[in-house]
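Residue-level listing of the chains:
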Amino acid sequence: MNMVFQINGRDVGIEVSDSELLLDTLRHIGFSSVREGCGVGACGSCTVLVDGKSVSSCLVLTSRCNGSSILTSEGLADDDPVVSQFIKNGAAQCGYCIPGFVMMVSELLSENPIPTEQEIYNHLEGNICRCGSYPEIVQAAMDASKAKQTSKLTC
Amino acid sequence: MRPNVFRPQSLQEACSLLEEHEEALVYGGGTALQILLKQGILVGSSFIDISGIPGLAEISFTDDFLRVGPMVTLRRMERSEEIRELFSLASSAYAKVANPRVRNTATVGGNIAHGDYRLDPPVALLVLGASVELTSRNSIRKVPLEEFFVDFQVTDISAGEIVTAVEIPRSIHIVGSSFVKLSSLSANDWPSASAAVGLMENDNGVHTLRLALGALAATPVMATVDIRNLNLDQTLEASLSKAMELMDPIADVRGSVKYKLRLGRVAVEEAIRSAWKEVPNGR
Amino acid sequence: MGGDLTNLEIENDAAAVGQSWQRSDLEAKVRGTFRYTADLPVPRCLYLGVHRASQPHARILNIDISSALEMPGVVRVVTGADLFGIYGELIYTGPAFADQPPIAIDKVRYVGEPIAVVVATDLITARAAADEVYVEYGELPAVLDVDDAISGSDYVHEHLRPSSVFSDLKHLQGRGETNVNYEYNLTSGDVEKAKANSDKTVSGEFWCPPTSHVAIELFSTTAWVEGNRLEVVTTTQTPSYVRQALASMLDIRLNQVRVRTQPLGGGFGSKMYDRLEPLVAAISWTYKLAVKLEITREETFVLTTRHGVAVSSQMSADSIGMIVSAEADVRYDTGAYADIGPRIASKSGMVACGPYKVANARVRSRCIYTNKTSAGPFRGFGVPQVTWSHESLVDELAREFGEDPAQFRRKNLLREGDVAPMGTVMHSADFVGCMDAVTSAIGWNTPLERARGPWRWGRGVAVGIKAVLTPTISNAVLQLNQDASATLLISTVDMGQGSDTIMAQIVAEILCLGPDQVRVVNPDTDITPYDTITAGSRSTYHTGNAVKKVAERMREKLISIAAQLLGVSETDCKLTNGGVVASSSQKYLSIDEIMQLHFGAIGTTLTTESNFTTEWIPYDKETGQSVKVTEHWFAGAAAVELGVDTRTGRIHIAHLAVAGDVGRAINPALVKQQLEGGAIMGLGHALFDEIVMDHGQMINGTLLDYQLPSVKDLPDRLTPIIIENPHQTGPFGAKGVGETAIIPIAPSIANAVRDAIGIRFTRLPLTPERLLMAMAGEGD
């Protein structure tokens, strides 16, 4: 079928097969931050936001996203506070899973700008970082929350 | 092979498609179906994607019921303020499913239709006395959830039927409730035992304990316990003995039958103690 | 040109070594723009789909590929017989034994072994067609238990086939009627006599199950033919090895094979030696096709595992609590193919008595074939499994004496100059310092409220020892560019440990450069020089030394040119920030000026090269003794405070402290992450991470069922501690840290559980079920 959606703010029109998965579509058109790790929604490496909601793109039919707005980590602003705090905290080792964590933290902070540490854990429990960068990731999430609050105050 | 996907625009059309294509499966959120497809358990099926049908993703309240459309995501159930206010047991069970991404994708209808014995929401919905609305080309019927789960991965859905709503009655007056999920491996794992408890009250005080169990038998199971005039210890004793009758766990990588029986008791006790605390002024 | 020193800032005020430089690729990794191997541009490819064995041990009677071939998009279907017909015996590869065909030839030896490979125009068709291959099996008795494999009369291989890589395995050629492919023996002193004279003896039967590495990046290999050359882009920790293996298999020259890899999305030992490469290369080369194989998570579970290991062990101490003898019978379940198992059996066997002064020791460590997925290297190289034994035993021994387990260890731990049980003198490994640091971090001597409601609390400690891989080789080539930037060519693979960053820091330190001035080129066997492997915590020391040397040579070269230009002696010259200054005249030339004057051109480069090789003295075949069995040792320790929920058996870790002696931390932030990451992986192994098998079939082979630690499984507190005890020959005193943390984790947790509930567990993982059933007196 032919479909149109927005990816990182740009309109994209493509033809997809009925059963194509969003993960494959996005990778095919060059969004390589979206990565397969398990294929069953359990690791979070293929996380993207569809209309602001995190999904495992390995479990989502592309055709279902007709008219939707999709955000991948490549689409975050240069000065995005989540990105900045991940960098500042050195929150990556091999880095493969990190865009997935970044997107989960982005979703969390948009729903809940000042999460508790427990709320961060609850939101990230379905993402696997096999290198074990969790301490830096959690710190980055907390710092990003703070940074967002500060920038709100100064605006 | 890749499945065909039909995209009906009306319920009528969906029901007709289901009749025409016997092998077709209703595609709600698709999380479970995609996994089954990858694992080679589903081969060559057609999917009927019901996301284009208007009105299936609504949460509405009547005087008698909370009515939830099958395409409402689990995450909406978790986050809805109104549901949390009225049916906190449901909110807390929906919040425990898998991870936020799956909950953003998976739907209330698919979750019920999947019929997996370990799922969290059915356990809470059983305690809340929910029922399932099933629609086919020629009929609509309502099945109490207690009768809906028939056997291991088998539900009461007949050929040609689609889950069109889950309804939770407002008449069951629950004053204390709790959902407890115990996993045996990593913290984010499927449960090895789960229990939901609701304490029902009338003018004469708390009289009945509704108890449902997940992951402890081939289907989610439930029972009611008459707890008039019982104190906490007596309630625990009566409920645990009822729970033992319900439990018939399946051994797997998450534990043996013996272990799950023990864990089941812990889940029940913990849920009861926690629900008990919610009852105003004790009993 | 030139300048006066007083006008220039020449002091290298921001030294590189010892600084927590930001990981060189961090921003790209966070933004998602970083390109992994599967993202590299390659020619238009055909895709491969693999039909895998459903039987653990069977003759292949017939392979029906007709319906697969009929599917639209299928180009051909390749079987083992096809490849054997062309390459004969060369088709068998492997680092220690040339025993593994890329596709099963006459029989299958584990569930998941490739039987036929479909070549198709797209991935979905390739995989679907692979399902349409039908195999007729002639079932053979499967060898599924490591001890049955020793005593039984069913054999996984008809005879042993040692590879040409290790000359000391040659004598095993052709040996038959055995599943034991290698046996390491260590003897020192007189164990029987020491035991007879000892005061107390403890013993145990220990088991660590096989586990999966689960690097989140999936394996991917692409190969194509360019003229008479084979190009390979693959996820590997061993590009130099892969080039040699493919050249040998295809019987072509080394310069006809080019192997490239990007930094990996995790390795942990999984992406080593012969993984997808022989299969993809053979198909590409044979049929002159550009082909790509990407496997699913489910397939990675049957590609390689950590060894399941059984250890029967004993330890005895005299009346004052000094360990006088230790014994271990270690059985490594290496699965269907030996991989590097024989090396793991010896290198772990030699430390099976632990980091203790033990005059009388006896170890027998065997590597054993079974009909399971081939086990290979995994962070720790077999050592965590023997540590599980010795750290549990020594804890029990301490308790026998009623002594504090930390104090008991402190008396017995190896110190500088002590001779370890395999005959090598200990140096630069601070076991006591590591142990004291972790126990102090968790408040070992503070009061502990042991019973809190249904919870029982306890503390435990464990110490680990591991040898660095020796002998190994690293090479480095350095190019200094005219603008004072540098390009470093090494074949060390950055897989998250941060080697690209620390190697850049070493160059920067020597050449007085800043963070953005050193680029490390990704491994490419056409460009980057030979390096043994990226594994075994060897890179900081080996590659680090090669890199330090290559940078020093560059400094000498630059100074020599500058001295001539300045008309002063070389000893008068000093390299400073961006240039060379003559101390006597204070004349200064920038690097740009030096090279401009030297070459008379712009954009020029200077090149130096270096080699760093370590040597060992091979251990005696009968006694396992060697005065230099390794270049150096890693020392690590972990201490933990935890509670056990007596209702559910669940463990809650309040505090886990882990320390490693890293010699010197070149980048403390990255070292800290290695310690944390190793600890978290070890915590998974301790609590729930395992491959569960039923009749040779893995039954938890998806990430829905296979359990890994998530953020919710973290201890309440995790304290990484860097111990710096500078290594005499390390670059700036540094040595590796990749494996140090994981080694003591599981026994430290088990020792704390013992402390909390009084039960000694000898089988991993410590699942709630195991604990609950043991507390109920129904344990296994």
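On a predicted model such as this, the values are computed, not experimentally measured, just so you know. (Residues numbered from 1 in each chain as written. Chains lettered and ligands numbered in written order. Predicted model: local features only at pLDDT ≥ 70, side-chain atom pairs only at ≥ 80, totals over all residues.)

### Points about the overall build of chain B
Scanning chain B from N- to C-terminus turns up eleven helices and 14 strands. Rg of the C-alpha trace for chain B: 19 Å, near the compact-globule value of 19 Å for 283 residues, within the 12% margin. Its C-alpha atoms give chain B principal-axis dimensions of about 55 × 45 × 30 Å. Sorting the 283 residues of chain B into buried and exposed places 52% on the buried side. For chain B, contacts bridging at least 24 residues in sequence account for 64% of all contacts bridging at least 6. (Helix = DSSP H or I, 4+ residues; strand = E, 2+ residues; numbered from the N terminus. Rg over C-alpha atoms; globule rule 2.2 N^0.38 Å. Buried ≥ 20, exposed ≤ 12 C-beta atoms within 10 Å, placed from the backbone. Contact = placed C-beta atoms within 7 Å.)

### Looking at the overall build of chain C
The helix and strand inventory of chain C stands at 19 helices and 30 strands. Relative to the globule expectation of 28 Å for 780 residues, the C-alpha radius of gyration of chain C, 27 Å, shows essentially globular dimensions. Reported as C-alpha extents along the three principal axes, the dimensions of chain C are approximately 85 × 75 × 50 Å. Summarising the internal contacts of chain C: among those between residues at least 6 apart in sequence, 80% fall at separations of at least 24.

### Comments concerning the domain arrangement of chain B
Residues and elements named next belong to chain B. Split into domains, chain B comes out as domain 1 (4–48 + 57–169) and domain 2 (174–278). Here the C-alpha centre of domain 2 lies 23 Å away from the C-alpha centre of domain 1. The interface is formed by 20 residues belonging to domain 1 together with 20 residues belonging to domain 2. Those elements giving two or more residues to the side of domain 1 that touches domain 2 turn out to be α5 (88–94), α8 (120–127) and β8 (149–151). Here the side of domain 1 that touches domain 2 takes six residues from α8, the largest share from any one element. A breakdown of the residues in the side of domain 1 that touches domain 2 according to their chemical character gives twelve nonpolar, three polar and five charged. (Domains from an automatic or database assignment. Nonpolar A, V, L, I, M, F, W, Y, C, P; charged D, E, K, R; others polar.)

### Some points on the interface of chain B and chain A
Taken together, the 19 residues of chain B in the interface contact 20 residues of chain A. Among the elements of the structure, β1 (4–6), α2 (31–38) and α6 (100–105) of chain B are those that each provide at least two residues to the side of chain B that touches chain A. No other element matches α6 of chain B, which puts five residues into the side of chain B that touches chain A. Of the residues in the side of chain B that touches chain A, the class split is seven nonpolar, nine polar and three charged.

### Regarding the environment of Val135 of chain C
Residue and element names in this part refer to chain C. Structurally, Val135 is set in strand β7 (residues 134–139). Once the C-alpha coordinates of Val135 and Gly730 are considered, the two residues, 595 residues apart in sequence, prove to be 54 Å apart. Residues in contact with Val135, not counting those within four places in the same chain, are Ile60, Ile63 and Ile115.

### Remarks on the domain arrangement of chain C
All names here are of chain C. Taken domain by domain, chain C comprises domain 1 (3–34 + 472–613), domain 2 (39–142 + 220–296) and domain 3 (308–470 + 619–775). Each of domain 2 and domain 3 was reduced to a C-alpha centroid, and the two centroids are 36 Å apart. Taken together, the 18 residues of domain 2 in the interface contact 19 residues of domain 3. Of the residues in the side of domain 2 that touches domain 3, the class split is ten nonpolar, five polar and three charged.

### Side note on the sheet that holds strand β11 (residues 174–182) of chain B
All names here are of chain B. Taken together, the four strands give an open sheet; going across it, the order is β11-β12-β13-β14, and neighbouring strands pair in antiparallel fashion. Across the chains shown, the open sheet's two edge strands, defined by having one partner strand only, are β11 and β14 (221–226). The sheet shows a mean angle of 15° between the axes of neighbouring strands, taken without regard to direction. Sheet topology places strand β12 (residues 193–202) next to strand β13 (residues 205–214); nine bridges connect them, and they run antiparallel. When the sheet's bridge partners are listed, Gly198 is paired in β13 with Arg210. Contacts from α8 reach β11, β12, β13 and β14, with the element oriented near 155° to β13. Relative to the sheet, helix α10 (residues 232–246) contacts β13 and β14, its axis offset from that of β13 by approximately 30°. (Pairing = 2+ DSSP bridges. Axes fitted to C-alpha atoms, helices over the stretch in contact; angles between N-to-C directions.)

### Re the interface of chain A and chain C
Across the boundary between the two partners, chain A contributes 37 residues, which contact 41 residues of chain C. Elements supplying a minimum of two residues to the side of chain A that touches chain C: α2 (81–88), α3 (98–111), α4 (117–124) and α5 (134–154) of chain A.

### Considering the packing of helix α14 (residues 499–511) of chain C against helix α15 (residues 539–566) of chain C
Residue and element names in this part refer to chain C. The geometry of α14 relative to α15 is characterised by a closest axis approach of 9 Å and an angle of 30° between their N-to-C directions. One finds that α14 runs roughly parallel with respect to α15. The element α14 and its partner α15 pack so that their crossing is right-handed. Contacts between α14 and α15 pair Ser499, Ile502, Met503, Ile506, Val507, Ile510 and Leu511 from the former with Ser539, Thr540, Thr543, Gly544, Val547, Lys548, Ala551, Glu552, Met554 and Arg555 from the latter. Residue composition of the contact of α14 with α15, by class: nine nonpolar, five polar and three charged. (Parallel < 35°, antiparallel > 145°, perpendicular 65-115°, else oblique. Left-handed = near helix turned anticlockwise from the far one by under 90°.)

### What to know about the sheet that holds strand β3 (residues 47–50) of chain A
Residue and element names in this part refer to chain A. Reading across from one edge, β2-β1-β5-β3-β4 is the order of the five strands in this open sheet, with mixed pairing throughout. The outermost strands of the open sheet, each flanked by one partner alone, are β2 (10–15) and β4 (53–56). Across this sheet, the average inter-strand angle for adjacent strands is 35°, counted without regard to direction. Direction of pairing for strand β1 (residues 2–7) relative to β2: antiparallel, over a ladder of six bridges. Bridge assignment links Val4 to a residue of β2, and that residue is Gly13. Against the sheet, α3 engages β3 and β4, with an angle of about 35° to β3.

### As for α2 of chain B
Residue and element names in this part refer to chain B. Among the eight residues in α2, six count as buried, and that is most of the element. Those residues of α2 not exposed but buried are Thr31, Ala32, Leu33, Gln34, Ile35 and Leu37. Positive phi appears at Gly40, one or two residues downstream of α2, with a value of about 75°.

### Re the packing of α10 of chain B against helix α11 (residues 257–278) of chain B
Residue and element names in this part refer to chain B. It is at 10 Å that the axes of α10 and α11 come closest, and there the two elements cross at 145°. By crossing handedness, the relation of α10 to α11 is classed as right-handed. For the pair formed by α10 and α11, the contact residues are Leu232, Thr235, Leu236, Ser239, Leu240 and Ala243 on the first element and Gly264, Arg265, Val268, Glu269, Ile272 and Trp276 on the second. The class makeup of the residues in the contact of α10 with α11 is seven nonpolar, three polar and two charged.

### Notes on the pairing of strand β3 (residues 46–49) of chain B
Residue and element names in this part refer to chain B. Of the strand pairs in this sheet, β1 and β3 are connected by three bridges, and their pairing is parallel. What sits directly across from Val5, in β3, is Phe47. Pairing analysis gives three bridges linking strand β2 (residues 25–27) to β3, with the strands arranged parallel. Within β3, the residue paired with Val26 across the bridge is Ile48.

### Details of the environment of Asp248 of chain B
Residue and element names in this part refer to chain B. Structurally, Asp248 can be placed in the loop between α10 and α11. Residue class for Asp248 comes out partly exposed when judged on the 14 C-beta atoms lying within 10 Å of it. With twelve residues separating them along the chain, Asp248 and Lys260 place their C-alpha atoms 9.1 Å apart. Setting aside chain neighbours within four positions, we find Asp248 in contact with Ala217 and Ala218.

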